Amino acid sequence: MVNNKKQAIGIFDSGVGGLTVFKEIRKQFPSEDIIYFGDTARVPYGPKSPNTVLEYSIQNARFLIQNNVKVIVIACNTSTSVALDVLRKLFNVPVIGVIEPGSKKAVNVSKNNRIGVIGTEGTIKSKAYRKTISKMKKDSIIFEKSCPLFVSLAEEGWENHEVASIVTKEYLSEIVKNEIDTLVLGCTHYPILKDTIQKFVGKKITLVDSAVEISKSLKEIINNDQNTNVNGENYFYVSDNENKFKKLASRILGEKIELVQKVYLGESWFLKNNEG
Ligand code: DGL
């Protein structure tokens, strides 16, 4: 158990989507300090190669370690699918990702063992959910589908727009024909479209939100003092576009986010020397 009040919980994501994870963790751990890093300069990770995502993930985790975090939460499904094991080997703090908790929940709620998984191209290609779910329950039958446009719809604030319904129908019509009773939202952005997705798939299919599940896993690692009256601090860092992040973050979190700091993770002579 980690219990050092001076250290924060570190969360990273490819951008703004991981705030769905931040929101759940903030709810569960009101007195903890949280450092969130969104790699807004290099988002999206979904279509990128595993090695590129791995390299970015190592840099993101190193930034959090430099800020003295006591645990690293990989909010990004794409990063989790390629980088979890490497980050666990490289760093001396616990590292948790969204795939195991999401898979565990899916296995627990599914009655017919027919489970759907949706995520980015990278996550689906990695087969990380398939492998994890099959390990937990051998006779599971898994159906996967990448839904890349969901990310843009969420970023655009179009989660309830009719375009979202059309895209949802296009992506999910086939997968629901397989009589799945559980659908894992295997991407940070998809919980933002939860209502639209649930409306299309119907009430008989249970949606699994990895953001909720990972915050439960964190409880097994952090012994936080829920009795304290002190509210934890939030620290938001991004690699680009802090104003866009502020706007989206305020919408996703339902409160005004004013302080967001920009940081440079890679060697970037031009940016370091030409921007204020
Ligand atoms: N954060 C990514 C994930 O959960 C979605 C956005 C992206 O493609 O970078 O997989």
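Structure: see above.
Criteria and cut-off values
- Residues numbered from 1 in each chain as written.
- Predicted model: local features only at pLDDT ≥ 70, side-chain atom pairs only at ≥ 80, totals over all residues.
- Heavy atoms only, no water.
- Helix = DSSP H or I, 4+ residues; strand = E, 2+ residues; numbered from the N terminus.
- Buried < 20%, exposed > 50% of the residue type's maximum accessible area, 1.4 Å probe, protein only.
- Contact = heavy atoms within 4.5 Å.
- Pairing = 2+ DSSP bridges.
- Axes fitted to C-alpha atoms, helices over the stretch in contact; angles between N-to-C directions.

A. View of the environment of Gly232. Of note, Gly232 is situated in the loop between α10 (210–221) and β9 (234–238). The class of Gly232 is buried, set by a relative accessible area of 16%. Separated by 187 residues in sequence, Gly232 and Tyr45 have C-alpha atoms that sit 29 Å apart. When sequence neighbours within four positions are dropped, the list of residues in contact with Gly232 reads Arg26, Pro30, Ser31, Glu32 and Asp33.

B. Structural view of the sheet that holds strand β7 (residues 182–186). With parallel pairing, the 4 strands of this open sheet are ordered in space as β6-β5-β7-β8. The open sheet has two edge strands with one neighbour each: β6 (141–146) and β8 (206–209). Averaged over all adjacent pairs, the angle separating strand axes in this sheet is 25°, with direction ignored. By the bridge criterion, 6 bridges tie strand β5 (residues 114–119) to β6 in an arrangement that is parallel. Across the sheet, Arg114 pairs through a bridge with Ile141, a residue of β6. Seen against the sheet, helix α4 (residues 99–109) touches β5, β7 and β8 and runs at an angle of roughly 160° to β8. Along the sheet, helix α6 (residues 128–136) contacts β5, β6 and β7; its crossing angle with β6, the most-contacted strand, is approximately 165°.

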